[in-house]
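# Secondary and tertiary structure notes
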Amino acid sequence: RTMACIRVDKIVEYLLEPLQRTLHDQDPYVRKTAAVCVAKLHAMNPELVQDQGMLDSLLELLTDGNPMVVSNAVACLMDIAEYRPDVFRMDSPLVMKLLHALNECNEWGQVLLL
């Protein structure tokens with residue numbers, strides 16, 4: 001998380017491998033934090049995020065079993081959508097998943113999902 005805040009291009013290459021691993025970590029807090037890092041990395045180098053398949057991994061987090069991870073993935077995708085409006089589309093299964101996560105989220109997560 002700290003390394004993603006350092007806006008230096010040379011740091012980015014050191015982030016890629018650990019970030020790929022943490023997007024699929026067992027701990028939901030780690031996955032949630034990794035989602036935020038993807039959004040920060042996208043702000044620095046959008047092509048790299050796309051080329052490394054991190055947007056696909058972020059989209060997979062929308063179906064995570066932990067509502068905290070889902071709400072953070074939505075927040076990050078909304079940030080990225082400001083630059084790439086085509087980053088994700090709402091469909092019926094996704095809406096149902098988000099509504100299910102809405103019931104389990106804290107207030108902050110509910111605001112993000114709404």
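So, a few notes on the structure that sits alongside this text. (Residues numbered from 1 in each chain as written. Predicted model: local features only at pLDDT ≥ 70, side-chain atom pairs only at ≥ 80, totals over all residues. Heavy atoms only, no water.)

## What about the pattern of salt bridges?
According to the stated counting rule, one finds three salt bridges in the structure shown. E17 is paired through a salt bridge with R21; the nearest N and O atoms lie 3.3 Å apart. In this pair, E17 and R21 both sit in helix α2 (residues 9–22), four residues apart, roughly one turn of the helix. Note on accessibility: E17 and R21 belong to one class, exposed. (Salt bridge = Lys/Arg side-chain N within 4 Å of Asp/Glu carboxyl O. Helix = DSSP H or I, 4+ residues; strand = E, 2+ residues; numbered from the N terminus. Buried < 20%, exposed > 50% of the residue type's maximum accessible area, 1.4 Å probe, protein only.)

## Focus: the nonpolar core
Soluble globular proteins tend to bury their nonpolar side chains together. Counting residues in each nonpolar core, the largest one holds 35 residues, and the members touching the most others are L41, M54, L58 and L113. Counting residues per element, the ones that place at least two in this core are α2, α3 (28–44), α4 (46–51), α5 (54–60), α6 (67–81) and α7 (92–104). With eight residues, α6 is the largest single contributor of residues to this core. (Core = buried A, V, L, I, M, F, W, Y, C linked by side-chain atoms within 4.5 Å.)

## Quick word on the side chain of N72
Locating N72 in the fold gives a position in helix α6. Of note is the side chain of N72, whose polar atom sits 3.0 Å from the backbone oxygen of M68. Contact partners of N72, with chain neighbours within four places excluded, come to K32, V36 and W108. (Polar contact = N/O pair within 3.5 Å; in protein donor to acceptor, adjacent residues only side chain to side chain. Contact = heavy atoms within 4.5 Å.)

## Looking at the packing of α3 against α6
Contact pair α3 / α6: the axes reach a minimum separation of 9 Å and the direction vectors enclose 0 degrees. Taken together, the axes of α3 and α6 lie roughly parallel to each other. Along its contact with α3, which presents P28, Y29, R31, K32, A35, V36, A39 and H42, the element α6 presents M68, V69, N72, A73, C76 and I80. Looking at the contact of α3 with α6 residue by residue, the classes come out as ten nonpolar, two polar and two charged. (Axes fitted to C-alpha atoms, helices over the stretch in contact; angles between N-to-C directions. Parallel < 35°, antiparallel > 145°, perpendicular 65-115°, else oblique. Nonpolar A, V, L, I, M, F, W, Y, C, P; charged D, E, K, R; others polar.)

## Overview of the environment of L59
Among the structural elements, L59 can be located in helix α5. L59 gets classed as partly exposed once you look at its relative accessible area, which sits at 27%. Among all residues touching L59, those that are not within four sequence positions of it are L77, V87 and F88.

## Structural notes on the environment of C105
As for its placement among the helices and strands, C105 is situated in the loop between α7 and α8 (107–113). A relative accessible area of 10% places C105 in the buried class. Separated by 62 residues in the primary sequence, C105 and A43 have C-alpha atoms spaced 27 Å apart. Other than its neighbours up to four places away in sequence, C105 contacts P67, S71, Q110 and L113.

## A short note on α7
Taking 1.5 Å as the rise per residue, α7 with 13 residues should run 18 Å; its terminal C-alpha atoms sit 19 Å apart, in good agreement. Those residues of α7 not exposed but buried are L94, L98, A101 and L102. Each buried residue of α7 sits inside an arc of 110 degrees when the element is viewed along its axis, so together they form one side. Across α7 from its buried face, at more than 90 degrees, point the exposed residues S92, P93, M96 and N103. Contacts made by the buried residues of α7 are with α6 and α8. The opening residue of α7, the one whose side-chain oxygen lies 3.0 Å from the backbone nitrogen of L94, is D91. (Expected span 1.5 Å × (residues − 1). Arc of directions from axis to C-beta.)

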